[in-house]
Amino acid sequence: MRREIPLLITGVVGVIFVLQYFIPHAPFNQFNNWFSDWFSIIGACAIWLGALNLIKISADKIYRRRADWGYSVIIILSFLLIVIIGSSSWTHFRDAGTGFDWLYTYVYSPLSATMFALLAFFVASASYRAFRARNLEATLLLLAAFFVMIGRVPVGDAIGGALGIPESFMPSKITIWIMSFINSAGQRAIMIGIALGIVSTSLRIILGIERSYLGGD
Amino acid sequence: MQLFGIWVAAFFTLGIISFLYRDNPWYKLCESIFVGISAGYWFVTLFFDNILGLFWAGLSRENPNYMLLVGGVLGIMMILRLAPKIGWISRWPLAFVVGATAGFYLINYFSSNVMLQVSSTLMPLFSTRFSQPVFSASAYDTIGNIVIAAGTFTGLVYFFFSREHKGVFGGVAKVGIWTIMITFGASFGYTVMSRMSLLIGRMEFIFKDWLGLIR
Amino acid sequence: MNRDFIIYSVTLAIILILYFLVPKPINFSPTVSSLIIALIGLALLYILFRTIMRQYVGRRVVFLFVGIAVVLPFFMNVKQPIRVSPEVQTVYDWVAQLERGSKILVSFDYDPASAPELQPMAESFFRLCLERDLKIIIMGLWPQGPQQAELALQIALQDPSVVAKNLRRHVDYVNLGFQTGNEFVIQRMGTSFKSMFTRDVSGIPYDSIPLLKDVSNFSNIDYSFNLSAGYPGTVEWVQVAVDRYGLKMGTGNTGVQATGMYPYLRSGQLKGLLGGLSGAAEFEKATNKVGTATFYMLPQSFSHVIVIAFIFIGNVAYFLGEKRKKGKE
């Protein structure tokens, strides 16, 4: 029964969500409201699960004195710091001037932003080392990237103007054309393909054919 | 506190950037703090916005919504995944989430990403521009509409792997891969722009907010 | 250990010199700017020469060039013409044609990591709406979103064109905060906003907020603007709010996500698109305000040229290498 009940739940909930799209009246609208609320609560608990799991793994690492266990202490202390400070202001935890707001502005935001900012360096380095026009397809990719990169910044038109390129063939105009037509076509083909894949996978999940999400016994 | 906060932010920013030289204790410290603070941030936010704001508010109002208790029970089942012996019970809320998502996506993706996209691909040659209902015909738009229709069709042909890409079919698939390669090139260009923007934002903080060197 | 100590010490010394000794602010003259550009060009030529001789430069040199390309333009004073693309103009036109008092729903679906691209869009959009006496309803599907919204709101409220209006929270704008549930939140909002947002961020009940008196669901919203960096975001809003409930929506996306939105734009599901930092700068141009995005465009230009240069150098070396190989054969 450990697998049958979840499969039944998946099937019933899936069918109800499909039906409520076409029948937005009772009882399906009521089911929709209930299920949406439950989804929100489960989603919150799932993220709590992740946070608690992180604490569990860090605590285990400290207990067993694994390599770099000191950093696990930092993880737990940081977690407790923001939870205690955030809870101290209760529902006004996000108000300007609170400790939580300070941590968000001066700790969380800079760390989060800088982590992603590092990617700029690696994109440039990877482009230098690996981006080669080995064949026609790679050349097309390279040319499109070139026009989009040069056309999306003002310096592209400045260079175009200096070279005497006609207005209709300015880098920005070429970029707009590539994005509006060729890019739209390619993205649309990919979008339709992915959507058909999602539809078939969703159907398989609802019908109980696809069971990998349940994991092993 | 603001000046102290700016110095703290600068310390963390430079710590993460130090990774460019090589992995070092400063970077590892900043990374650990980031992991702990992120987990705590989500923990606090979800407690107040969801558990208190939705669950408790729904139960404690004048006409309590007792169906929320079912959601609460499912949520607790999810958290029980941490206990090895009864962790299997988390399959129930997981099944609920998977079923809800599957049912939701089945229709919405088909409607928005297949039907509406296919219908808008079949365009007249006398085109309208974006969302403005102006009847107009121009060589620019006519050629563009042909490119969109042909590009979408050939791109879909390329993804059809049930038939070998030979002959006419192979030729059409080749045009499709060219369209897709140009699309990927455009995506790469935008990705470079996006990543550089993030770096510019951090550098502005360092040189303007912290060091005060920029006006 | 010694080497690391030296590097940390040098870094600290540079920081202290920059903080305490260098006169502020720094502003390069046109001559100095031209000289710097020429030096960077010469350095790139040198790297091209070395790469042709099969002496590839290390990744740290590439990092250094990217750093220089991003930092030095901050001190230059070079004006660049910005052209407004049709998809950006569409967003502006939609807002411009709304009557005073129209309700705008703005959803903040991003975190601080994407703020350099999306925050300028948010500030410009708020400024435009508040100048035109449009009522703003803010919410978010990402927990950090409403906080980013407050930061953008504070900037917009301080603009000279808006300050004199003495706008009030709950009357002219309101922040409903964040709710988990991703696309299911949007679906519930289709029937009732109140079912998902019982209170605003300051704890005021939904029914007590004057701005929301006549707002029950999407049918009461005149235009919506979504700022998105991933999931949940624009795709979910289009699938549910636009396609099912007929919401008129424009979007501001990060560069990574923007390319995938063009099919929605072409099909009319989206009413306008601001793509990445360039989209933000173009929107500032459309609203006739010079903001953060415009200021960022010079470093953006430099960094793009550097990346293109390195790709070009790598390919020149590749083709010459292939030629040598064929010559040997």
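These numbers come from a predicted model, not from an experiment.

Reading the values: rules and limits
- Residues numbered from 1 in each chain as written.
- Chains lettered and ligands numbered in written order.
- Predicted model: local features only at pLDDT ≥ 70, side-chain atom pairs only at ≥ 80, totals over all residues.
- Helix = DSSP H or I, 4+ residues; strand = E, 2+ residues; numbered from the N terminus.
- Buried ≥ 20, exposed ≤ 12 C-beta atoms within 10 Å, placed from the backbone.
- Contact = placed C-beta atoms within 7 Å.
- Pairing = 2+ DSSP bridges.
- Right-handed = clockwise from strand over helix to strand, strands pointing away.
- Nonpolar A, V, L, I, M, F, W, Y, C, P; charged D, E, K, R; others polar.
- Expected span 1.5 Å × (residues − 1).
- Axes fitted to C-alpha atoms, helices over the stretch in contact; angles between N-to-C directions.
- Core = buried A, V, L, I, M, F, W, Y, C linked by C-beta atoms within 7 Å.
- pLDDT = per-residue confidence, 0-100.
- Parallel < 35°, antiparallel > 145°, perpendicular 65-115°, else oblique.
- Left-handed = near helix turned anticlockwise from the far one by under 90°.

Participant: So, the overall build of chain A: which residues are in play, and what are the values?
Facilitator: A tally of regular secondary structure across chain A gives seven helices and zero strands. When its C-alpha atoms are laid out on the principal axes, chain A stretches across 70 × 50 × 40 Å. By the burial criterion, 43% of the 217 residues in chain A qualify as buried. Partitioning the intrachain contacts of chain A with sequence separation of at least 6 by distance along the chain shows that 28% fall at a separation of at least 24.

Participant: So what about the overall build of chain C? Which residues, and what values?
Facilitator: Scanning chain C for helices and strands turns up 13 helices and six strands. Summarising its shape, the C-alpha atoms of chain C cover approximately 75 × 55 × 45 Å along the three principal directions. Out of the 329 residues in chain C, the part that is buried amounts to 52%. Restricting to contacts in chain C with at least 6 residues of sequence separation, those with at least 24 account for 76%.

Participant: Describe the environment of A138 of chain A, listing the residues and the values that go with them.
Facilitator: Residue and element names in this part refer to chain A. Checked against the element boundaries, A138 lands in helix 5 (residues 136–151). Judged by local crowding, A138 falls into the partly exposed class, with 15 C-beta atoms found within 10 Å. If we ignore the near neighbours within four places in the chain, the residues touching A138 are R132 and A133.

Participant: Please set out the pairing of strand 1 (residues 103–109) of chain C residue by residue, giving values where relevant.
Facilitator: All names here are of chain C. Counting buried positions along strand 1 yields six of seven residues, so the element is predominantly enclosed. Direction of pairing for strand 1 relative to strand 2 (residues 135–140): parallel, over a ladder of five bridges. Residue pairing in the sheet places L105 in a bridge with I137 of strand 2. Taken together, strand 1, helix 5 (residues 115–131) and strand 2 form a β-α-β motif whose crossover is right-handed. In terms of strand pairing, strand 1 meets strand 4 (residues 223–228) through six bridges, oriented parallel. Counted as the bridge partner of F108 is L227 from strand 4.

Participant: Account for the interface of chain B and chain A, naming residues and giving values.
Facilitator: Contacts between the two partners involve 98 residues from chain B, matched on the other side by 99 residues from chain A. Residue assignment for the side of chain B that touches chain A shows that the elements contributing at least two residues are helix 1 (2–17), helix 2 (25–60), helix 3 (68–79), helix 4 (91–121), helix 5 (139–158) and helix 6 (167–210) of chain B. Looking at the side of chain B that touches chain A, its residues break down into 68 nonpolar, 25 polar and five charged.

Participant: So, the interface of chain A and chain C: which residues are in play, and what are the values?
Facilitator: Chain A puts 43 residues into the contact, and the matching count from chain C is 44 residues. At the level of elements, helix 2 (28–63), helix 4 (99–130), helix 5, helix 6 (154–163) and helix 7 (171–206) of chain A are the ones that each hand at least two residues to the side of chain A that touches chain C. Sort the elements by how many residues they give to the side of chain A that touches chain C and helix 4 of chain A lands first, with 14 residues. Here the side of chain A that touches chain C is built from residues that sort into 23 nonpolar, 14 polar and six charged.

Participant: Which residues make up helix 2 of chain A, and what are the values?
Facilitator: Spanning 36 residues, helix 2 of chain A covers 51 Å between terminal C-alpha atoms, matching the ideal 52 Å at 1.5 Å per step. One or two positions beyond helix 2 of chain A, positive phi appears at R65 of chain A, with a value near 50°.

Participant: Account for the sheet that holds strand 1 of chain C, with residues named and values stated.
Facilitator: Residue and element names in this part refer to chain C. A sheet is described by the order of its strands in space; here six strands give the open sequence 3-2-1-4-5-6, paired in parallel fashion. The sheet is open, and its two borders are formed by strand 3 (173–178) and strand 6 (273–275), each paired with just one other strand. Strand-to-strand twist of the sheet, defined as the mean angle between neighbouring strand axes without regard to direction, takes the value 15°.

Participant: Describe the nonpolar core, naming the residues involved and giving the relevant values.
Facilitator: As a rule of thumb, nonpolar side chains are buried together in soluble globular proteins. In terms of nonpolar packing, the biggest core is built from 206 residues, with A124 of chain A, F96 of chain B together with I138 and I306 of chain C touching the most fellow members. It is helix 6 of chain B that contributes the most residues to this core, 19 residues altogether. Among residues more than four places away in sequence, those in contact with A124 of chain A are V62, V66, I306, V307 and F310 of chain C.

Participant: I'd like a rundown of helix 8 (residues 183–191) of chain C, residues and numbers included.
Facilitator: In terms of residue burial, helix 8 of chain C counts as a mostly covered element, since seven of its nine residues are buried. Among all positions of helix 8 of chain C, only E183, F184, V185, I186, Q187, R188 and M189 of chain C are buried. For helix 8 of chain C, the secondary structure elements touched by its buried residues are helix 2 of chain A, helix 4 of chain B together with helix 9 (234–242) of chain C.

Participant: Just give me the short version of the pairing of strand 4 of chain C, but keep the residues and values in it.
Facilitator: Residue and element names in this part refer to chain C. With six of six residues buried, strand 4 is to be regarded as a mostly interior element. Burial along strand 4 is two-sided: the residues Y223, F225 and L227 and S224, N226 and S228 are all buried. Both strand 4 and strand 5 (residues 249–253) contribute to a ladder of five bridges, which runs parallel. Directly across from S224, in strand 5, lies its bridge partner M249. The parallel pair strand 4 and strand 5, bridged by helix 9, forms a crossover whose chirality is right-handed.

Participant: Quick rundown of the confidence of the model for chain C? Include the residues and the values.
Facilitator: In this model, chain C carries a mean pLDDT of 92, and residues with pLDDT of at least 70 account for 99%. The ipTM value of the predicted complex is 0.91, and its pTM value is 0.91.

Participant: Pulling in residues and values, what's your account of unusual backbone geometry?
Facilitator: Look at the link from A26 of chain A to P27 of chain A: it is a cis peptide, with omega at -5°. As for its position among the elements, P27 of chain A is in the loop between helix 1 (4–22) and helix 2. Between Y231 of chain C and the following residue, P232 of chain C, the backbone shows a cis peptide bond with an omega angle of -10°. Structurally, P232 of chain C can be placed in the loop between strand 4 and helix 9. Positive phi, close to 60°, is recorded for D133 of chain C, a residue that is not glycine.

Participant: Requested: an account of the environment of Y231 of chain C, with residues and values cited.
Facilitator: All names here are of chain C. Secondary-structure assignment places Y231 in the loop between strand 4 and helix 9. C-beta crowding within 10 Å serves as the criterion here: with 14 such atoms nearby, Y231 is assigned to the partly exposed category. Sequence-wise, Y231 and L157 are 74 residues apart; in three dimensions their C-alpha atoms are separated by 29 Å.

Participant: Before we move on, can you summarise the environment of S109 of chain A with the specific residues and values?
Facilitator: Along the chain, S109 of chain A turns up in helix 4. Counting along the chain gives 108 residues from S109 of chain A to M1 of chain A, while the straight-line C-alpha distance between them is 46 Å. Aside from chain neighbours lying at most four places away, what touches S109 of chain A is Y104 of chain A together with P112 of chain C.

Participant: Can you tell me about the packing of helix 7 of chain A against helix 5 of chain B, naming the residues and giving the values?
Facilitator: Across the interface, helix 7 of chain A lies against helix 5 of chain B with an axial gap of 8 Å and an inter-helix angle of 30°. Judged by the inter-axis angle, helix 7 of chain A sits roughly parallel to helix 5 of chain B. Crossing hand, helix 7 of chain A versus helix 5 of chain B: right-handed. Along its contact with helix 7 of chain A, which presents S180, F181, I182, S184, A185, G186, R188, A189, I192 and G193 of chain A, the element helix 5 of chain B presents G144, V147, I148, G151, T152, G155 and L156 of chain B. Residues of the contact of helix 7 of chain A with helix 5 of chain B, tallied by class, amount to eight nonpolar, eight polar and one charged.

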